[in-house]
Amino acid sequence: MEQYTGSQIVVLEGLEAVRKRPGMYIGSTGPRGLHHLIWEILDNGIDEHLAGYCTEIHVKLQKDGGIAIADNGRGIPVDIHPTKKIPTVRVVYTILHAGGKFGSSVYKVSGGLHGVGASVVNALSSRMIIEIRRDGKVYRDEYEKGGHPIVKLEDGTLPVTGKCNKSDTGTKVTFYPDSTIFETVEFKGDTIKKKLKEIAYLNKNLIIHYEDQLTGEKVTYQEEFGIKSFVSYLNREAISIHDEPIYIEGQSGDIEVEVAFQYTNSFVEQINAYCNRINVVDGGTLVTGFKTALTRVMNQYARELGILKEKDENFDGKDIRNGLVAIVSIKHPDPQFEGQTKTKLGNTDAKSAVDEVFAAEVQRYFDKNVEILRIILENSLKSYNARKAGDKARNAVLKQLYDVDTRSKLASCSSKKPEECEVYIVEGDSAGGTVKTARNRRTQAVLPLRGKILNVEKASLEKILLNNEIKSMIASFGCGIGDDFDITKLRYDKIIILTDADVDGAHISTLLLTFFYRFMPELILEGKVYRGLPPLYKVDYEYMEKSKKKRESKYLFNDFQLDKFRKNLDNKIISLQRYKGLGEMDANQLWETTLNPETRTLAQVTISDTVEADEVTTTLMSSSVPPRREFIMEEAKYAKLDI
């Protein structure tokens, strides 16, 4: 037996852990992870704004590939840290979990609570420059190759590189993402501008200047009306049933509450929640408080105005939220997010604060604007009547689900424990047959799809429920759909979409994700949906080890990995195979690369921005052609074609 000793335990010092596993800190090394670096640095300036010190932020895309972010806050401290005995700025930019956001003395309200942002960006940059203006002096620090400082300290402190007015304070960070870590180091101006616009909505009167030196474009964002303007922006393509968004604000204890909402003629609701201007995509207690108060208040008014008669049952929450577009934003001194991804708020006091403030202030508004109230209640009544009329037909369709014979399609697994089971949704019977042969029959089920499923963005629920492929999925999952959905009844811990790496495969994945997002969003929000990532290449190569020539095979999952492999001069490529589809792999290869939990690569489907997710889904999947054409034309320059 091979010995297992302390000498085999690798300790990653400083920021090396971040460089070794960047996905743990920023999600991915693709475009989303790349842009996440910007958001981390922006967070520091925004926290200064929330604390009352920063009024302007400048973001500049530079010609040399770097990006500079400057704020006019107080400037990061440069004095000697009491325990680390180095300049405090170096503590912030080189040590994980170091920052002024853990105690309440520096920031009463903050979004970045884990203290990893600045140091992680430094770790994943080939170069970073910090310029600080404090006390009439200008300081400069610089790092390279993943956070190694290159500025020599003078008596333990940073050298002063210039002078400024005492009132001129702030921090400027310029960084260059490391091309050996990221798949691309090219920032997308449109992605940055969309984020800056959202930040401006959520931080009323904060001035944000954007400049792109490559194109010469300059834009300034400032929103006097904050989230009220945000709702107007979200509804810019929709038909609203009342003219202006309704804006509510107030405070309960230490919690500040803002709500803006407007009704449209749509059949769906859209509630976007923010805590300390972080988009909590799973909502949580602040959304519960808003929904509870809205339902209670509107039912009370419906009775008082005679819209609901004595014999009528109350509107349910979905009747009242039909066509609703809302932003719920709170500032909380001690938010408790679920996990580093911050997708759900758990504070119970947030629920009661939103309920209390919203209920009191919205009644004050509606008492003065009864006509708008009537319009909204009439909309709820239409939804109520349609639900009652449609329940019979919908229930008849849903009843059919229990009679669906999935045996001819679903190759089930023998285990009945959901926590250890997973189902692969596979494109076509051919690939399905290979996956069925390769799988672990005890824990892995396979559901082949025959053709592409219905585009649910363009269809009614009744039509959707008549689609055979969709009926098979609903019956296989076992947790229902829509109002009847119950995730506790889900038969699988993982739902894995497995398609070929071509245009058709991408389209099928998109159709499936649209269905899940619109009718089973809890599957995505609870982290149950994945994409299987089969390799694109198999490479046979030779290398030298202790003067002996060795030969091995390796699977590579994208062109970025292939380029890195080719740049390693120690490897001599003997043969390179490009897989065009799952059918080109035999059962052993498929098991080793795609099905074996020990060796496979899965991409978990997540929602990091509910506003963007809703906009992109509507743009790409609805029947309106002009917005889709505009989106494709704009994004085409970033696409990678494999022809």
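Residues numbered from 1 in each chain as written. Predicted model: local features only at pLDDT ≥ 70, side-chain atom pairs only at ≥ 80, totals over all residues. Heavy atoms only, no water.

If you look the protein up in an unreviewed UniProt entry, it shows as DNA topoisomerase (ATP-hydrolyzing) from Anaerocolumna aminovalerica. Taken verbatim from the UniProt record of the protein, the Cofactor (unreviewed entry) comment is "Mg(2+)". Quoted verbatim from the Catalytic activity (unreviewed entry) heading of the UniProt record, the comment on the protein is "ATP-dependent breakage, passage and rejoining of double-stranded DNA." (UniProt positions renumbered as here; feature names shortened; annotations may be inferred.)

Take the sheet that holds strand S16 (residues 444-449) next. Reading across from one edge, S16-S15-S17-S18-S22 is the order of the five strands in this open sheet, with mixed pairing throughout. Each of the sheet's edge strands pairs with one partner strand only, and the pair in question is S16 and strand S22 (602-604). Taking the axes of each pair of neighbouring strands and ignoring which way they run, one obtains an average angle of 25° across the sheet. Looking at chain direction, strand S15 (residues 422-427) and S16 are connected through six bridges and run parallel. (Pairing = 2+ DSSP bridges. Helix = DSSP H or I, 4+ residues; strand = E, 2+ residues; numbered from the N terminus. Axes fitted to C-alpha atoms, helices over the stretch in contact; angles between N-to-C directions.)

Turning our eyes to something else, we now look at the pattern of salt bridges. Applying the stated criterion across every chain yields a total of 21 salt bridges. Of the charged contacts in the structure, one is a salt bridge between Glu420 and Arg442, with a shortest N-O distance of 2.8 Å. Here Arg442 lies in the loop between helix H12 (428-438) and S16 and Glu420 lies in the loop between helix H11 (370-401) and S15, a separation of 22 residues in the sequence. Classification of Glu420 as partly exposed rests on a relative accessible area of 28%. The class of Arg442 is partly exposed, set by a relative accessible area of 43%. The partner of Arg600 in a salt bridge is Glu422, and the shortest N-O contact between them spans 2.6 Å. Of this pair, Arg600 sits in the loop between helix H18 (587-595) and S22 while Glu422 is found in strand S15, placing the two residues 178 residues apart along the sequence. Across this residue pair, the class does not change: Arg600 and Glu422 are buried. Residues joined in a network through salt bridges with shared partners are Asp43, Asp47 and Arg277. (Salt bridge = Lys/Arg side-chain N within 4 Å of Asp/Glu carboxyl O. Buried < 20%, exposed > 50% of the residue type's maximum accessible area, 1.4 Å probe, protein only.)

Let us look at the pairing of strand S12 (residues 270-275). Among the six residues of S12, six are classified as buried, and the element is accordingly described as predominantly covered. Residues of S12 alternate between two faces, with Gln270, Asn272 and Tyr274 on one and Ile271, Ala273 and Cys275 on the opposite face, all of them buried. Inspection of the sheet shows S12 paired to strand S13 (residues 278-279) by two bridges, in the antiparallel sense. The residue of S13 that forms the bridge with Tyr274 is Asn279. Once S12 ends, the chain turns through two residues before running back antiparallel as S13, passing Asn276 with a positive phi of about 50°.

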